[in-house]
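A look at the structure
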Amino acid sequence: GAVVSQHPSWVICKSGTSVKIECRSLDFQATTMFWYRQFPKQSLMLMATSNEGSKATYEQGVEKDKFLINHASLTLSTLTVTSAHPEDSSFYICSGSGGTAYEQYFGPGTRLTVT
Amino acid sequence: EDQVTQSPEALRLQEGESSSLNCSYTVSGLRGLFWYRQDPGKGPEFLFTLYSAGEEKEKERLKATLTKKESFLHITAPKPEDSATYLCAVLNDYKLSFGAGTTVTVRA
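About the thresholds
Residues numbered from 1 in each chain as written. Chains lettered and ligands numbered in written order. Predicted model: local features only at pLDDT ≥ 70, side-chain atom pairs only at ≥ 80, totals over all residues. Heavy atoms only, no water. Disulfide = S-S within 2.5 Å. Helix = DSSP H or I, 4+ residues; strand = E, 2+ residues; numbered from the N terminus. Buried < 20%, exposed > 50% of the residue type's maximum accessible area, 1.4 Å probe, protein only. Pairing = 2+ DSSP bridges. Axes fitted to C-alpha atoms, helices over the stretch in contact; angles between N-to-C directions. Phe/Tyr/Trp six-rings, centres within 6.5 Å; stacked < 30°, edge-to-face > 60°. Contact = heavy atoms within 4.5 Å. Buried area = accessible area lost by both parts, 1.4 Å probe. Salt bridge = Lys/Arg side-chain N within 4 Å of Asp/Glu carboxyl O. Polar contact = N/O pair within 3.5 Å; in protein donor to acceptor, adjacent residues only side chain to side chain. Nonpolar A, V, L, I, M, F, W, Y, C, P; charged D, E, K, R; others polar.

**Notes on the state of the cysteines**
- The full count for this structure, using the stated rule, is two disulfides over all chains.
- Two residues, A:Cys23 and A:Cys94, share a disulfide whose sulfurs are 2.0 Å apart. Judged by the torsion about the S-S bond (80°), the A:Cys23/A:Cys94 disulfide is right-handed. Residue A:Cys23 is located in strand 3 (residues 19-25), and its partner A:Cys94 is located in strand 9 (residues 90-97); the two are separated by 71 residues in the primary sequence.
- Take A:Cys94: its relative accessible area is 0%, and that puts it in the buried class.
- A sulfur-sulfur separation of 1.9 Å characterises the disulfide bridge that pairs B:Cys23 with B:Cys88. Classification of the bridge connecting B:Cys23 and B:Cys88 rests on its S-S torsion, roughly -55°, and on that basis the disulfide is left-handed.

**Describing the sheet that holds strand 7 (residues 67-73) of chain A**
All names here are of chain A.
- Taken in spatial order, the four strands of this open sheet run 1-3-8-7, and their pairing is antiparallel. Taken across any chain shown, the strands that pair with only one partner, and hence form the sheet edges, are strand 1 (4-7) and strand 7. Neighbouring strand axes in the sheet, compared pairwise and without regard to direction, differ in orientation by 15° on average.
- Bridging between strand 7 and strand 8 (residues 76-81) involves five bridges; their strand directions are antiparallel. Across the sheet, residue Ile69 finds its bridge partner in strand 8, namely Leu79.

**Considerations on unusual backbone geometry**
Residue and element names in this part refer to chain A.
- His7 connects to Pro8 through a cis peptide bond whose omega is 0°.
- Look at Lys41: it is not a glycine, yet its phi comes out positive at around 60°.
- Positionally, Lys41 belongs in the loop between strand 4 (32-38) and strand 5 (44-51).
- Look at Lys41 and you get exposed, because its relative accessible area is 82%.

**Focus: the packing of aromatic side chains**
- A full pass over the atoms with the stated rule returns nine aromatic pairs over all chains.
- Taking the centre distance of 5.7 Å and the plane angle of 40° together, the rings of B:Tyr36 and B:Phe98 count as tilted. You can see B:Tyr36 sitting in strand 4 (residues 32-38) and its partner B:Phe98 sitting in strand 10 (residues 96-98), a full 62 residues away along the chain.
- For B:Phe98, a relative accessible area of 7% puts it in the buried group.
- Feature note: the residues A:Tyr36, A:Phe106, B:Phe34, B:Tyr36, B:Phe46 and B:Phe98 constitute an aromatic cluster, connected by ring pairs.

**Comments concerning the interface of chain A and chain B**
- Chain A puts 17 residues into the contact, and the matching count from chain B is 17 residues.
- When chain A packs against chain B, close to 1,400 Å² is buried across both sides, 59% of that on carbon and sulfur atoms.
- For the chain A face of the interface with chain B, the top three residues by lost area are A:Leu44, A:Tyr102 and A:Phe106, together amounting to 39%.
- At the boundary of chain A with chain B, the tally comes to one salt bridge.
- For B:Lys95, the salt bridge is made with A:Glu59, and the minimal N-O distance between the two is 2.8 Å.
- Across the contact surface, chain A and chain B share three residue pairs in polar contact (both at pLDDT 80 or more).
- Put simply, the parts of the chain that give the side of chain A that touches chain B at least two residues each are strand 4, strand 5 and strand 9 of chain A.
- By residue number, the principal contributor to the side of chain A that touches chain B is strand 4 of chain A, which donates three residues.
- When its residues are assigned to classes, the side of chain A that touches chain B shows 10 nonpolar, five polar and two charged.

Everything listed here is a matter of coordinates, which is why it stays silent on function.
Shown next, in the form of structure tokens:
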């Protein structure tokens, strides 16, 4: 099956700093990548959708200047949390697909803790 | 706005004790209903996709069914390794909307 990796698996950073999370599709070309956030005991919430080579489309209420998404290649997308604050602490999960939302292959997630 | 509600929030089962999880949804233009399994600290693992009312799919001890307003995930004779959070999601035109999940614990 299709495999998606994320790096790092967990990260702790200080308030005010920026953190970059990588999402890679290892054995397929991910035309579209999705970024989700999951708080404890809550559902996954879609943050943004990105197509390779295009600007990301952000969901309502998600600050695009705070959560910078780059999808420069068919196998790599990055999420940068800028000027992180404790309320940004969460589990961030990416998924990749060949172009539609139907078949999404999820990464293992990245736990971000902002102190 | 699409809504997905899963019940119960948590389910504790004895090994071999069959049960069902519910996912009720309201969505404009359902294009698919998905079931995923999520282990602690991991991403969702795909289980099933259902597209139309009346459809059923099975995989080992799991069986998913779909009606016009809800879906059920039946766990038959569960084993401890079936312990996980089971997520339901609906697909509209472009995105998946997830429920909060049902955490299943199966005791030996």
